[in-house]
Amino acid sequence: MRSSQILGLLLILAGVVLLWLRPAYTTKKNVLEIGDVKASVDEEQRIPKWVGGVAIGAGLVLIVGAARRQG
């Protein structure tokens, strides 16, 4: 198996995980700042589904492209 096929398989697996689990990340947003007083809010945001779809598509392109070059 060539490195591009392995990378394609890893991208497909990562895309499936992103679609299935929808992991989240946290961002900090400043909502109020008056002099020395600051107020901020932590917002939890989910990774969009399209990111998983793009990863799956890119993985498929790598696997198909490597298969065409081989044979």
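Everything numeric in this text was worked out from a predicted model, so none of it was measured.

Conventions we followed
Residues numbered from 1 in each chain as written. Predicted model: local features only at pLDDT ≥ 70, side-chain atom pairs only at ≥ 80, totals over all residues. Heavy atoms only, no water. Helix = DSSP H or I, 4+ residues; strand = E, 2+ residues; numbered from the N terminus. Rg over C-alpha atoms; globule rule 2.2 N^0.38 Å. Buried < 20%, exposed > 50% of the residue type's maximum accessible area, 1.4 Å probe, protein only. Expected span 1.5 Å × (residues − 1). Arc of directions from axis to C-beta. Contact = heavy atoms within 4.5 Å.

Trainee: Give me the lowdown on the overall build of the chain, citing residues and values where you can.
Mentor: Broken down by element type, the chain carries 2 helices and 2 strands. Listing each helix as α and each strand as β along the chain from the N terminus yields α-β-β-α. A compact globule built from 71 residues would reach a C-alpha radius of gyration of about 11 Å, whereas the chain, at 20 Å, exceeds it by more than 25%. Summarising its shape, the C-alpha atoms of the chain cover approximately 70 × 20 × 15 Å along the three principal directions. With 71 residues in all, the chain has 14% of them scored as buried.

Trainee: I'd like to hear about helix 2 (residues 49–70), residue by residue, with values.
Mentor: End to end, helix 2 covers 32 Å across 22 residues, agreeing with the expected 32 Å (1.5 Å per residue, within 8%). Within the span of helix 2, buried status applies to Gly 52, Ala 55, Gly 59 and Ala 66. Taken around the axis of helix 2, the buried residues stretch over an arc of 65°, which confines them to a single face. For helix 2, the exposed residues lying more than 90 degrees away from the buried face are Lys 49, Trp 50, Val 61, Arg 68 and Arg 69. Tucked into the core, helix 2 has its buried residues touching helix 1 (3–21).

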